[in-house]
Amino acid sequence: MDKSTQSQPAAQVPPPVQPDFNAIKQRQQATWASGDFAVVGVTLQIVGEDLAEAADIRAGETVLDVAAGNGNATLAAARRFARVTSTDYVPALLDKGRARAEAEGLDIDFRVADAEDLPFADGAFDVALSTFGVMFAPDHARTAAELLRVVRPGGRIGLASWTPESMIGQLFKIIGRLVPPPAGVKSPSLWGTQAYLEQLFGSDAAELRLQPRRFMMRYASPAHWLQVFRDFYGPVQKAFNALDAQGQATLEQDILALLERHNIAGSASLVAPSDYLEAVIIKRSV
């Protein structure tokens with residue numbers, strides 16, 4: 001037999017990269033602790049209010065806000081007379097939420113907690129909420145499992161997540177081209193798609209209620225937006241710090257171009273819509 005016609009052994013396919021989620025999480029925690037996310041976060045309060053309405057928060061219900069940041073969904077639920085526990089793994093952000101609650105005279109329990117390892121009993125809450133929070137946890141499957149675990153059968157999970165094609169979704173793509181994310185970690189904006197939510201929650205969800213929404217970012221100009229996010233928004237700040245002068249100039253140019261494309265206010269100011277997906281997952285009762 002001609003040796004050239006003999007079958008050759010199949011090429012070995014390397015195993016998929018297994019991310020070190022603990023190491024990634026430590027870096028993420030440092031990122032969100034840098035700057036002052038509350039400066040940006042407080043502008044998103046309307047998202048928390050809309051999510052509380054979508055999740056039908058009622059007086060006396062137990063509500064958990066996961067990856068709460070400075071507490072937008074936390075305050076929205078407490079304003080509806082729910083019994084709220086607000087959690088984040090950045091203590092400084094919880095301090096900002098606590099100050100806001102005290103200013104309004106709201107009784108809220110603030111706890112340092114990891115979205116992937118929530119320190120609560122199974123079925124402890126009627127509702128779990130997260131606005132642009134859990135989508136950034138590196139282990140998506142584990143995070144979804146924790147949300148399901150701490151909510152009672154028949155309870156609700158309310159999420160607000162940037163979509164892949166939103167302005168913020170495109171921002172992360174721009175950053176990722178210059179500062180690549182850790183190998184094996186999935187994009188957070190996948191949480192903003194129906195197919196991925198169905199994959200994450202699967203047969204544990206009795207119902208998935210989805211509503212596309214749009215948040216309007218309002219700043220003095222594209223340059224003003226960039227300065228605020230560069231100074232206070234951890235992921236943007238860290239991206240600039242990781243680059244040399246030429247890389248920083250490229251990132252600045254690309255972000256300003258993105259803002260200009262989305263600006264619907266002309267030269268007078270910046271009004272830039274960014275789409276997100278509002279989701280309410282009803283946990284199966286049996």
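It should be emphasised that the depicted structure is a prediction, and the values quoted were computed from it without experimental measurement.

Novice: Can you lay out the UniProt feature "domain: Methyltransferase type" (unreviewed entry) in the protein chain for me, pointing to particular residues and giving the numbers?
Specialist: Sites flagged by UniProt as "domain: Methyltransferase type" (unreviewed entry) map to residues 64-157. Structurally, residues 64-157 comprises 34% helix and 28% strand, and the distance from its first C-alpha atom to its last is 9 Å.

Novice: Describe the sheet that holds strand E4 (residues 125-131), naming the residues involved and giving the relevant values.
Specialist: Within the open sheet, the seven strands sit side by side as E3-E2-E1-E4-E5-E7-E6. Their pairing is mixed. Whereas interior strands pair on both sides, the edge strands pair on one side only; in this sheet they are strand E3 (109-112) and strand E6 (205-219). Looking at each pair of strands side by side, their axes are set apart by 20° on average, direction ignored. Pairing analysis gives three bridges linking strand E1 (residues 62-65) to E4, with the strands arranged parallel. Across the sheet, Leu-64 pairs through a bridge with Ala-128, a residue of E4. Packing against the sheet, helix H8 (residues 194-201) makes contact with strand E5 (151-162), E6 and strand E7 (270-283), and its axis sits at approximately 135° to E6.

Novice: Help me get a handle on helix H5 (residues 91-104), residues and values and all.
Specialist: Taking 1.5 Å per residue, 14 residues should reach 20 Å; H5 reaches 20 Å between its end C-alpha atoms and fits that length. Among the residues making up H5, those that are buried are Leu-93, Leu-94, Gly-97, Arg-100 and Ala-101. The arc that holds every buried residue of H5, seen down its axis, measures 120°, which confines them to one face. Facing away from the buried side of H5 by over 90 degrees, the exposed positions are Glu-102 and Ala-103. Residues of H5 that are buried sit in contact with helix H1 (21-33), helix H2 (37-41), helix H3 (45-54), helix H4 (72-78), strand E2 (83-88) and E3. Backbone geometry just downstream of H5 places Gly-105 in the positive-phi region, at approximately 70°.

Novice: Please set out the side chain of Thr-62 residue by residue, giving values where relevant.
Specialist: Mapped onto the fold, Thr-62 is located in strand E1. By relative accessible area, Thr-62 is classed as buried at 15%. Apart from residues no more than four positions distant in its own chain, Thr-62 is found in contact with Arg-83, Ala-124, Phe-125, Asp-126 and Val-127.

Novice: Any details on the packing of H1 against helix H10 (residues 234-241)? Residues and values, ideally.
Specialist: For the pair H1 and H10, interaxial distance at closest approach is 7 Å and the crossing angle is 105°. Classified by the angle between their axes, H1 and H10 sit roughly perpendicular to one another. Only Gly-234, Pro-235 and Lys-238 of H10 make contact with H1, whose side of the interface consists of Ala-30, Thr-31 and Trp-32. Across the contact of H1 with H10, the residue classes break down as three nonpolar, two polar and one charged.

Novice: Break down the packing of aromatic side chains for me, citing the residues and quoting the values.
Specialist: In this structure the tally under the stated criterion is ten aromatic pairs. Measuring from centroid to centroid gives 6.2 Å for Tyr-219 and Phe-229, while their planes differ by 65°, and the two rings are edge-to-face. Taken together, the residues Tyr-219 in strand E6 and Phe-229 in helix H9 (residues 222-232) connect sequence positions ten residues apart. There is no split in this pair, since Tyr-219 and Phe-229 are both buried. Look at Trp-225 and Phe-229: their rings are 3.8 Å apart centre to centre, the planes differ by 15°, and that puts the pair in the stacked class. One end of the pair is Trp-225 and the other is Phe-229, both in helix H9 and four residues apart, which spans about a single turn. As far as the burial class goes, Trp-225 and Phe-229 line up, both buried. Taken together, the ring pairs connect Phe-37, Tyr-219, Trp-225, Phe-229 and Tyr-233 into an aromatic cluster. We note Arg-230 situated over the ring of Phe-240; from NZ or CZ to the ring centre the distance is 3.9 Å.

Novice: Just give me the short version of the environment of Ala-23, but keep the residues and values in it.
Specialist: Turning to its location among the elements, Ala-23 is positioned in helix H1. Using a relative accessible area of 23% as the deciding quantity, one classes Ala-23 as partly exposed. Spatially, the C-alpha atom of Ala-23 lies 34 Å from that of Ala-272, the residues being 249 residues apart in sequence.

Novice: Just give me the short version of the nonpolar core, but keep the residues and values in it.
Specialist: By size, the foremost hydrophobic cluster in this structure holds 62 residues, and its most contacted members are Trp-191, Phe-201, Met-217 and Trp-225. Sequence-distant contacts of Met-217, defined by excluding residues within four places in its chain, comprise Trp-162, Met-167, Ile-168, Trp-225, Phe-229, Leu-270, Val-271 and Ala-272. Ala-55, Ala-77, Ile-108 and Phe-110 belong to the second-largest nonpolar core, a separate cluster that totals 19 residues.

Novice: Tell me about the pairing of E3, residues and numbers included.
Specialist: Both E2 and E3 contribute to a ladder of four bridges, which runs parallel. Looking across to E3, one finds that Thr-85 is bridged to Asp-109. Regarding the hand of the β-α-β motif, the stretch spanning E2, H5 and E3 is right-handed.

What counts as what
- Residue positions are counted from 1 within each chain, in the order its sequence is given.
- Side-chain atom pairs in this predicted model are given and counted only at pLDDT of 80 or more, local residue features only at pLDDT of at least 70, and totals for whole chains, interfaces and linings cover all residues.
- To get the side-chain values, all heavy atoms of the structure are used, and hydrogens and water are removed first.
- UniProt positions are given in the numbering used here, feature names are shortened, and annotations may be inferred rather than shown by experiment.
- Comment: elements are numbered from the N terminus, with helices defined as DSSP H or I runs of at least four residues and strands as E runs of at least two.
- Pairing between two strands is assigned when DSSP locates at least 2 bridges connecting them.
- In this description, a line fitted to the C-alpha atoms serves as the axis of each element, helices being fitted only across the stretch in contact, and the angle between N-to-C directions of two axes falls anywhere from 0 to 180 degrees.
- Contact between two residues is taken to exist if any of their heavy atoms lie within 4.5 Å; hydrogens are not considered.
- Given the number of residues in a helix, its expected span is that number minus one, multiplied by 1.5 Å.
- To sort residues, take the accessible area from a 1.4 Å probe on protein chains only and compare it with the maximum for the residue type: under 20% means buried, over 50% means exposed, and anything in between is partly exposed.
- Here the arc refers to the directions that run from the helix axis out to each C-beta atom.
- Put simply, angles under 35 degrees are roughly parallel, angles over 145 are roughly antiparallel, angles from 65 to 115 are roughly perpendicular, and the rest are oblique.
- In this classification, the charged set is Asp, Glu, Lys and Arg, the nonpolar set is Ala, Val, Leu, Ile, Met, Phe, Trp, Tyr, Cys and Pro, and all remaining amino acids, among them Gly, are polar.
- Only Phe, Tyr and Trp rings take part, Trp by its six-membered ring, and two of them pair if their centres are within 6.5 Å. Stacked means planes under 30 degrees apart, edge-to-face means over 60, and tilted covers everything else.
- Only lysine NZ and arginine CZ atoms are considered, and such an atom sits over a ring when it is within 6 Å of the ring centre and within 35 degrees of the ring normal.
- The term nonpolar core refers to a set of buried residues drawn from Ala, Val, Leu, Ile, Met, Phe, Trp, Tyr and Cys, joined through side-chain atoms within 4.5 Å.
- Note on handedness: a clockwise path from strand one over the helix to strand two, with the strands aimed away from the viewer, defines a right-handed crossover.

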